[in-house]
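Geometric and topological summary
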Amino acid sequence: MPLYDTPRAPLARPLGPGSRPLVSLHMLTSRVIASGTLVALLGCAVVCAGCGASRPSPAAELLVDEGAQHLAEGQLEQAEASLRLALEFEPGVAAAHANLGLVALARGDLEGAERALRAAIALREDFVEAWSDLGVVLERRGRDDAARAAYEHALSIHPGRPEPRLGLARLLVRQADDLSDEIVGIHDSAFAGFHAAAGQFH
């Protein structure tokens, strides 16, 4: 499932106290290998249970981290099972909702991805990863203004965070390219019209 072409990035630093290092998927080239395993969800960052304002219960935390690991390895069914079980233990774990949004995104369910990410943000307004990932989803849904707002909100929370900064840059570059193509199209159309009109006088 191709998403965006961007450079590879190193592993992200650990998210949350005592958590294992997690792969930051925002800057990786997305590709699906022959077995169907998702190697990377480009544009997004898997998050762990420790990324909340307060830590969840030990059972829910373990399940969220397990789900995040499955997600990073492209094991979507296992990831979803772990994350949904975590929410049965503790419905208010924002990281579980955010990662379920990435599961939906990997499956091409953009509506489901947006719904899950907004649920995560409703639980934790300053969830910078969820805001950044929401920007990716909105961009893919063709809602560029809303995507830009999500990226900018993420940066207002954490100005040094690379994912929303790169997302915003990618969006602006694409919009500039689209505008350039539109200008060229208008120019070519006008030029053709001029020649057609001029031909009527010969």
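All figures in this text were calculated on a predicted structure; none of them were measured in a lab. (Residues numbered from 1 in each chain as written. Predicted model: local features only at pLDDT ≥ 70, side-chain atom pairs only at ≥ 80, totals over all residues. Heavy atoms only, no water.)

**As for the overall build of the protein**
So the rule is basically this: To qualify as a helix, a DSSP run of H or I must reach at least 4 residues; to qualify as a strand, a run of E must reach at least 2; elements of each kind are numbered from the N terminus. Think of it in three bands: with a 1.4 Å probe and only protein chains considered, a residue is buried below 20% of the maximum accessible area for its type, exposed above 50%, and partly exposed in between. We call two residues contacting when some pair of their heavy atoms lies within 4.5 Å. Only the protein chains shown count as cover for residues, and the accessible areas themselves come from Shrake-Rupley with a 1.4 Å probe.
Counting its regular elements, the protein contains seven helices and zero strands. Taken across its 202 residues, the protein has 46% of its residues classed as buried. For the protein, the share of sequence-separated contacts (at least 6 apart) that also reach a separation of at least 24 residues comes to 52%. Working note: accessible area of the protein is about 10300 Å², and carbon and sulfur atoms make up 59% of it.

**Here we look at the nonpolar core**
General note: in soluble globular proteins, nonpolar side chains tend to be found buried as a group. Rules: Residue types Ala, Val, Leu, Ile, Met, Phe, Trp, Tyr and Cys, when buried and joined through side-chain atoms within 4.5 Å, form a set referred to as a nonpolar core.
By size, the foremost hydrophobic cluster in this structure holds 24 residues, and its most contacted members are Leu 117, Ala 120, Phe 127, Ala 130, Trp 131, Leu 134 and Tyr 151. Secondary structure elements with two or more residues in this core: helix 3 (94-106), helix 4 (110-123), helix 5 (128-140), helix 6 (144-157) and helix 7 (162-199). In terms of residue count, the dominant contributor to this core is helix 5 (seven residues). Counting 17 residues, the second largest nonpolar core, distinct from the first, contains Leu 63, Ala 79, Leu 83 and Leu 100.

**Description of the packing of aromatic side chains**
Going by this rule: Within 6.5 Å between ring centres, the rings of Phe, Tyr and Trp (the latter by its six-membered ring) count as paired, and their orientation is classed by plane angle as stacked under 30 degrees, edge-to-face over 60, tilted in between. For a lysine, the NZ atom is tested; for an arginine, the CZ atom; a charge sits over a ring if that atom is within 6 Å of the ring centre and within 35 degrees of the ring normal.
One pass over the full model with this rule turns up zero aromatic pairs. Sitting over the face of the ring of Phe 127, Arg 124 holds its NZ or CZ atom 4.6 Å from the ring centroid.

**A word on the environment of Asp 145**
Positionally, Asp 145 belongs in helix 6. Along the chain, Asp 145 and Leu 171 lie 26 residues apart, while their C-alpha atoms are 9.7 Å from each other.

**Concerning the packing of helix 3 against helix 4**
Definition in use: Lines fitted to C-alpha atoms define the axes here, with helix axes fitted over just the stretch in contact, and angles between the N-to-C directions of these axes take values from 0 to 180 degrees. Here the word oblique covers every angle except those under 35 degrees (roughly parallel), over 145 (roughly antiparallel) and from 65 to 115 (roughly perpendicular). Left-handed is the label given to a crossing in which the near helix is rotated counterclockwise from the far helix by less than a right angle, and right-handed is the label when the rotation is clockwise. Side-chain classes are defined by residue name, with Ala, Val, Leu, Ile, Met, Phe, Trp, Tyr, Cys and Pro counting as nonpolar, Asp, Glu, Lys and Arg as charged, and the others, Gly among them, as polar.
In contact at an axis separation of 7 Å, helix 3 and helix 4 are set at 165 degrees when each is read in the N-to-C sense. Comparing their axes, helix 4 and helix 3 come out roughly antiparallel. Handedness of the crossing formed by helix 3 with helix 4: left-handed. On the side of helix 3, the interface is formed by Ala 94, His 97, Ala 98, Leu 100, Gly 101, Ala 104 and Leu 105, while helix 4 contributes Leu 110, Gly 112, Ala 113, Ala 116, Leu 117, Ala 119, Ala 120 and Leu 123. A breakdown of the residues in the contact of helix 3 with helix 4 according to their chemical character gives twelve nonpolar, three polar and no charged.

**Side note on the side chain of Glu 163**
Rule in force here: Nitrogen and oxygen atoms within 3.5 Å of one another constitute a polar contact, given that in protein one can donate a hydrogen and the other can accept it, and given that sequence-neighbouring residues count only through two side-chain atoms.
Mapped onto the elements, Glu 163 comes out in helix 7. Engagement of the side chain of Glu 163 in a polar contact is seen with the side chain of Arg 161, the distance being 2.6 Å.

**Section: the confidence of the model for the protein**
Using the following cut-off: Confidence scores here are pLDDT values: one per residue, from the predictor, ranging 0 to 100.
Of all residues in the protein, 62% have pLDDT values of 70 or greater, and the mean over the chain is 74. Mean pLDDT values for the elements of the protein range from 72 in helix 7 up to 97 in helix 4. In the predicted structure, residues 1-42 sits below a pLDDT of 50 and forms 103 contacts with residues beyond four places in sequence or in another chain.

**Focus on helix 1 (residues 58-72)**
To keep things clear, this is the line we draw: Helices are assigned an expected span. That span is 1.5 Å times one less than the residue count.
Between its terminal C-alpha atoms helix 1 stretches 21 Å, which fits the 21 Å expected from 15 residues at 1.5 Å a residue. Residues Ala 60, Glu 61, Leu 63, Val 64, Asp 65, Gly 67, Ala 68, His 70, Leu 71 and Ala 72 constitute the buried set of helix 1. The inward-facing, buried residues of helix 1 abut helix 2 (76-89) and helix 3. Count one or two residues on from helix 1 and you reach Gly 74, which has phi positive near 80 degrees.

**A short note on the packing of helix 1 against helix 3**
When two helices pack together, their arrangement is given by the angle between the helix axes and the distance between those axes. Viewed as axis vectors pointing N to C, helix 1 and helix 3 meet at an angle of 20 degrees, and their least axial separation amounts to 10 Å. Accordingly, the angle class assigned to the pair helix 1 and helix 3 is roughly parallel. In this structure, helix 1 meets helix 3 at a crossing whose hand is left-handed. Residues Val 64, Ala 68 and Leu 71 of helix 1 lie in contact with helix 3, whose contacting residues are Ala 95, Ala 96, Asn 99, Leu 102 and Val 103.

**Things to note about helix 4**
For the α-helix, the turn length of 3.6 residues means that residues three or four positions removed from each other point alike. Between its first and last C-alpha atoms helix 4 spans 20 Å; for 14 residues at 1.5 Å apiece the expected length is 20 Å, and the two agree. Where helix 4 is concerned, the buried positions are Leu 110, Gly 112, Ala 113, Glu 114, Ala 116, Leu 117, Ala 120 and Ile 121. Along its buried surface, helix 4 packs onto helix 3 and helix 5.

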